[in-house]
Amino acid sequence: MYFTISRSISKLNCLGQLFPPRYVSTLSPLATAFNSRPNRRLNLTLQKDVGLFGLEHLQQPEGFQAMKEDAISDTRRLVQETCDPNRDRKMVVVFDELSDSLCKVADLAEFIRLAHPKEAFSLAAEDACITINSIVEHLNTNRELYQAIRSVSESGDICSTTDVDKHVARLFLFDFEQSGIHLEEKDRQRVVRLNDDILQKGQKFMAGTALPRAVHRKLLPQNIQHLFSVSGDQVLVAGLYGDSPNCAAREWAYRVFLFPDEQQEVLLKELLSARHELAVTCGFVSYAHRAVKGSTVKNPEVVNDFLQILAEKLRPHSEKDLEVMRSMKKAEIGSSSDIFPWDTLYYTRKIKREWLQAPSSDFSPFFSLGNCMEGLNLLVNALYGIQLKTVDMMPGEAWTQDVYKLEVVHEIEGVLGHIYCDFYQRAGKPNQDCHFTIRGGKVLADGSYQNPVVVLMLNFPTPKWSSPSLLSPGMVDNLFHEMGHALHSMMARTQYQHVTGTRCPTDFAEVPSVLMEYFAADPRVLGLFARHFQTQEPMPTHMLERLCASKHLFAASEMQLQVFYSALDQMYHSENPLGSTGSTSDVIASLQEEYYNIPYIPKTAWQLRFSHLVSYGAKYYSYLVSRAIASWIWQNYFQADPLSRSRGEQYRQECLAHGGGKPPHLLVSDYLKKDVTASQLASSLLQDLDTRNNYIKDMCKNSIKCPS
Ligand SMILES: [Zn+2]
């Protein structure tokens, strides 16, 4: 019911000649607003709070009770309508209204549960989540409701329907069948039991992935004791130490933290086996077939082809990266040594720092939050003719202080929706960058449009008395990425909320956000807004170019690692998840050889720390496919001119406007005028890699001193 998207791991690309950046000499109202704390409007008239998100019910936590009751009575009325032979609305319209009335409460409650600092609100919200979930579970077993959507999907509706209606009806039907409603009672019961089992085992496995490991201190070599937290006889290893400059510490932490844990191994095997049984019970060959159904790539065979093509082509590129890492390591430790899995993160970060030739903190003064928001505004104005405007928050509208509210206004269509920006760190706030849909866009019964409402949650430093919030280059990427999700929500004008904006298959959902990272890595775009917060001096060209170039370094070895992880995730959810030996470590060892240039380290079990196996289950590949499509869009439509209005308009109409209302493979092939095949997707990523390498080579040629 609810939908949140976590920050992707995608890296960036940029290219092209600099043209003179346009900048304004004084700060715009938007930049000024975001360079100060949000207006804390005092309730001087002692008027009543308007309630969270302006919802009257939510002046008090008890309001969730009234919202639940409304949802229950709406549900009753709408379920009756689906079974009414004299109904005069399309079945899919009634279903969408049913889904909307439940999602409105569930999505909002899920967000408030996570974000509200007051316990009374978060508990009331949690209670609402539980109620709505149980209504949904109940509806999922309602055979009359199922038959109603099935008959429309298979034999057509009594009212005439469009392609979008038919597609959305099929999505509803598929959602229903996920709970096994179409099966014999014995199998349906098994599906319910397996789903429950998968949930429990998944949660336990996830919790185990982050547990620190305690070992006896005599196992810790003397010369690195000072780097670890030692308490009595115990050393606690809480992570991989991947960024430590001490090679021995990295290796030791890697071997200890990843030493195979028997309980995790049992949980993972049971989880994979339950998933497989679930898929087979529902008539699928494997869990991957079930998970990938309806996606952009359509089936796991395409995923595997895509990964195999990449694995083969990436090998020599990745080898070059490793060669550079070996020489860096030799220079550092004074003798030749190979590169091990515990080395890559350290040398990747090191080379990026060296390329910047300045600490990341030297870049931050050029990225005040206000300037970055103004940059986003200039970009979306150029591409789509829309403006981001700050509007005052009413008393009681936000869950905490320091939230900004943005109105997204199109030059002709008017207000498209609202984005609440909860950007600053605070105690108790989830430490994850996230986009939350609070209310999905949809056409209402009277023909008007229910505008979308979303929240962007980020973790930026709070402003100080001496300066606004200053973002690191990585935070700028995160801001652009999350804003990509928000713009998808705002600009999709879907008929149905079931497919609003980001409610599309996972392997397409990250396309708009990853594409925004390409804009954030282009000197022509950064040049629009990267200016010193005190002097408004633009960032010097050499800094701008180095910053963009640093994003392209070791791109091949990073991509190869993602390919390997994706292949592992596919294998674990295939017809034969554990190969011939039944050991999850044997699977990772053989795949590491096939997909990655650095060999597997015996007696380590990285897979038992891989929490994404639970949350993504056979969809981890989505990052790579979304990135392939985003880079394809960038290369074809925006690389030549990242501020082109006609390209922006085309992208909006052909991609963003549909949300999930058009099958994603059709959407992509219609827009890009090419079929979505494994080789097309792979070649777009490989071309992206060439572009990055050429950028680096050009910079080196232009006599800028290149480290290594
Ligand atoms: Zn994302």
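Residues numbered from 1 in each chain as written. Predicted model: local features only at pLDDT ≥ 70, side-chain atom pairs only at ≥ 80, totals over all residues.

For clarity, the cut-off: UniProt positions are given in the numbering used here, feature names are shortened, and annotations may be inferred rather than shown by experiment.
Going by an unreviewed UniProt entry, the protein chain carries the name Mitochondrial intermediate peptidase and comes from Frankliniella occidentalis. Looking at the protein chain in UniProt, the text filed under Subcellular location (unreviewed entry) is "Mitochondrion". Database annotation for the protein chain, UniProt heading Sequence similarities (unreviewed entry): "Belongs to the peptidase M3 family."

## Looking at the overall build of the protein chain
Defined as follows: The helix and strand labels rest on DSSP assignments: H or I over at least four residues marks a helix, E over at least two residues marks a strand, and numbering proceeds from the N terminus. We take the radius of gyration over the C-alpha atoms and set the globule estimate at 2.2 Å times the residue count to the 0.38 power. Residue pairs qualify as contacts under a 7 Å threshold applied to their C-beta atoms, which are placed from the backbone.
Summing up its helical and strand segments, the protein chain has 25 helices and 11 strands in all. Relative to a compact globule of 708 residues, whose C-alpha radius of gyration would be 27 Å, the protein chain shows 26 Å and is just as compact. In terms of overall dimensions, the protein chain has a C-alpha envelope of 85 × 65 × 60 Å along the principal axes. Here the contacts in the protein chain between residues at least 6 apart in sequence split such that 73% fall between residues at least 24 apart.

## Observations concerning the nonpolar core
One broad rule of soluble globular proteins: the nonpolar side chains tend to lie buried together. The cut-off we apply is this: In these notes, a nonpolar core means any group of buried Ala, Val, Leu, Ile, Met, Phe, Trp, Tyr and Cys residues linked to one another through C-beta atoms within 7 Å. Using C-beta atoms placed from the backbone, we call a residue buried if 20 or more other C-beta atoms fall within 10 Å of its own, exposed if 12 or fewer do, and partly exposed for counts in between.
The biggest cluster of nonpolar side chains holds 201 residues, and the ones touching the most others in it are A109 and V563. Aside from chain neighbours lying at most four places away, what touches V563 is L307, L310, A311, L314, Y595 and L624.

## Describing the UniProt feature "domain: Peptidase M3A/M3B catalytic" (unreviewed entry) in the protein chain
The UniProt entry lists residues 243-681 under the feature "domain: Peptidase M3A/M3B catalytic" (unreviewed entry), expressed in the numbering used here. With 51% helix and 10% strand, residues 243-681 has its two end C-alpha atoms placed 32 Å apart.

## What about helix 11 (residues 300-333)?
To keep things clear, this is the line we draw: The bend reported for a residue corresponds to the angle between axes fitted to the seven residues ending at that residue and the seven starting there.
Largest kink in helix 11: about 45°, centred on L314, with the proline P316 one to four residues after it. Following helix 11 by one or two positions, G334 adopts a phi angle in the positive range, close to 85°.

## Details of the packing of helix 14 (residues 473-491) against helix 16 (residues 511-520)
Helices that pack against each other are described as a pair by the angle of their axes relative to one another and the distance between those axes. To be explicit about the condition: Orientation is described by axes fitted as lines to C-alpha atoms, over the contacting stretch for helices, and by angles from 0 to 180 degrees between their N-to-C directions. Reported orientations rely on four angle classes, namely roughly parallel under 35 degrees, roughly antiparallel over 145, roughly perpendicular from 65 to 115, and oblique for the rest. The sense of a crossing depends on the near helix, which, turned anticlockwise from the far helix by less than a right angle, makes the crossing left-handed and, turned clockwise, makes it right-handed. Three categories are distinguished: nonpolar for Ala, Val, Leu, Ile, Met, Phe, Trp, Tyr, Cys and Pro, charged for Asp, Glu, Lys and Arg, and polar for the others, with Gly belonging to the last.
Here helix 14 crosses helix 16 at 135°, and the two axes come no closer than 7 Å. The orientation of helix 14 with respect to helix 16, classified from their angle, is oblique. Considering the relative orientation of helix 14 and helix 16, their crossing is right-handed. Seen from helix 14, the contacting residues are V476, D477, F480, H481, E482, M483, G484, H485, L487 and H488; seen from helix 16, they are P512, S513, L515, M516, E517, F519 and A520. Looking at the contact of helix 14 with helix 16 residue by residue, the class counts come to nine nonpolar, five polar and three charged.

## So, the sheet that holds strand 2 (residues 213-216)
This is how the line gets drawn: Strands were regarded as paired on the criterion that DSSP finds at least two bridges between them.
The three strands lie next to each other as 2-4-3, forming an open sheet whose pairing is antiparallel. Of all strands in the sheet, those with a lone pairing partner are strand 2 and strand 3 (229-231), marking the two edges. Recorded for the sheet is a direction-independent mean angle of 30° between the axes of neighbouring strands. Looking at chain direction, strand 3 and strand 4 (residues 234-237) are connected through three bridges and run antiparallel. Across the sheet, residue S231 finds its bridge partner in strand 4, namely Q234.

## Observations regarding the pairing of strand 4
Along strand 4, the buried face is formed by V235 and V237; none of Q234 and L236, which line the opposite face, is buried. Pairing of strand 2 with strand 4, which is carried by four bridges, proceeds in the antiparallel orientation. Bridging from a neighbouring strand, V215 pairs with V235 of strand 4. Between strand 3 and strand 4, which pair antiparallel in sequence order, lie two residues; one of them, G232, sits at a positive phi of approximately 60°.

## Looking at the confidence of the model for the protein chain
Applied cut-off: Confidence of the prediction at every residue is given by pLDDT, a number between 0 and 100.
Summary statistics for the protein chain give a mean pLDDT of 90 and a share of 94% for residues scoring 70 or more. Considering only residues more than four positions removed or in separate chains, one finds that residues 1-25, a stretch of pLDDT under 50, has 78 contacts.

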